[in-house]
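A closer look at the structure
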Amino acid sequence: METLQKELIDDVKDHIAWDNRINSDNIQVDMANDHTVILKGSAPSLYDKVTAEFDAYSVPGVNEIINQIEIAPLEVESLSDNEIKTALQTIFQWDARLTPADIHIEVNDGVVKLTGSVGAYWEKNIAVNHTHNMAGVKGIVDHMTVVPTLDVLDEDIANDIRRALQRKRIIENDNITVETVNNIVTLRGQVPTVMAKQKAEEVAAHTKGVKDVSNKLVIKPNF
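The structure contained in this document is the topic of the report that follows. (Residues numbered from 1 in each chain as written. Predicted model: local features only at pLDDT ≥ 70, side-chain atom pairs only at ≥ 80, totals over all residues. Heavy atoms only, no water.)

**Remarks on the layout of surface pockets**
For clarity, the cut-off: The way it works is a 1 Å grid over only the protein atoms, where trapped points that fit a 1.4 Å probe form a cavity and open points with protein on both sides within 12 Å along at least five of seven lines form a pocket, and then any residue with an atom within 4 Å of a point lines it. Grid points are joined across faces, edges and corners, and a volume is the space filled by probe spheres set on the points. Each helix corresponds to a stretch of at least 4 residues labelled H or I by DSSP, and each strand to a stretch of at least 2 residues labelled E; elements are numbered beginning at the N terminus. Lys, Arg, Asp and Glu make up the charged group, whereas Ala, Val, Leu, Ile, Met, Phe, Trp, Tyr, Cys and Pro make up the nonpolar group; the residues left over, Gly among them, are polar.
Considering only enclosed or pocket space, the largest pocket measures out at about 970 Å³ in volume. Taken together, 26 residues make up the lining of the largest pocket; nearest its centre are Val50, Asn129, His132, Gln198 and Glu201. Residue assignment for the lining of the largest pocket shows that the elements contributing at least two residues are α2 (46-57), α4 (121-132) and α6 (194-205). Looking at the lining of the largest pocket, its residues break down into 11 nonpolar, 7 polar and 8 charged.

In structure tokens form, the structure reads like this:
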């Protein structure tokens, strides 16, 4: 294995091990190529799996992640499907940003299926994030439909996103193109960091009229 690849693997391992929010004892790190990291092994929750991926993305030089971590809940944290469903229903009800009556939850062997509708794409993300953080959840099937409360033309959505990107100092938007078809946004181009890629997607997600976001931005560091 080349020296640079080994150094990158060590950096990712160290960063995941550093994160006190997660249990990384059984997570392994490998490389598919110079900039693509493979995460293997097991973690006690979906939250640990997702957070480990985020940590890996935070390491300079990592452009893509293949997350193969399996969920192996600790016995003391194991919850029944009905307990997971009831807990999620309560969480959704307490979140003032959501309309829980329109979101339907099914749980089968720890895999949560979300259906129904929400009024904005960012609401969908909130429901999914709550589910990621729920103990006992092994996977998520997201079939929620976004039904915007306002009718917004594709051209207006794209223009709103472009103007918002220009106002975000953390994002270098010169190399970002925005395409909108049937209220579905596609981001293309290059950004220097994972943070910039994520922030650009957040801008699109928070824009009125958006039903879905496809983030095809490529990370290309300036150095």
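**Focus on unusual backbone geometry**
This is how it is decided: Categorising residues by exposure relies on relative accessible area from a 1.4 Å probe, with only protein chains included: less than 20% of the type maximum marks a residue as buried, more than 50% marks it as exposed, and the intermediate range marks it as partly exposed.
Residue Asp109 is not a glycine yet carries a positive backbone phi of 55°. Tracing the backbone through its elements, the reader meets Asp109 in the loop between β5 (103-108) and β6 (111-118). Exposure remark for Asp109: the relative accessible area of 53% places this residue in the exposed category. Non-glycine residue Asn182 carries a positive phi angle of around 55°. Among the structural elements, Asn182 can be located in the loop between β9 (176-181) and β10 (184-191). A relative accessible area of 56% means that Asn182 is categorised as exposed.

**A closer look at the packing of helix α5 (residues 154-167) against α6**
Let me state the cut-off plainly: Here, axes are lines fitted to C-alpha atoms. For helices the fit covers the stretch in contact, and angles between N-to-C directions go from 0 to 180 degrees. An angle below 35 degrees is read as roughly parallel, one above 145 as roughly antiparallel, one from 65 to 115 as roughly perpendicular, and any other as oblique. Two helices that cross are described as forming a left-handed crossing if the nearer one is turned anticlockwise from the farther one by less than a right angle, and a right-handed crossing if clockwise. Contact definition: two residues touch when any of their heavy atoms are within 4.5 Å.
Packing of α5 against α6 leaves a shortest axis separation of 9 Å and a crossing angle of 135°. It follows that α5 is oblique to α6 by the angle criterion. For the element pair α5 and α6, the recorded crossing hand is right-handed. Where α5 abuts α6, its residues Ile161, Ala164 and Leu165 lie against Ala200, Val203 and Ala204. When its residues are assigned to classes, the contact of α5 with α6 shows 6 nonpolar, no polar and no charged.

**Here we look at the environment of Ile22**
For Ile22, the position within the fold is in the loop between α1 (3-18) and β1 (27-33). Spatially, the C-alpha atoms of Ile22 and Gly209 are 35 Å apart, while their sequence positions differ by 187 residues. Beyond its immediate chain neighbours, meaning those up to four positions away, Ile22 contacts Ile16, Tyr47, Asp48, Thr51, Ala52 and Asp55.

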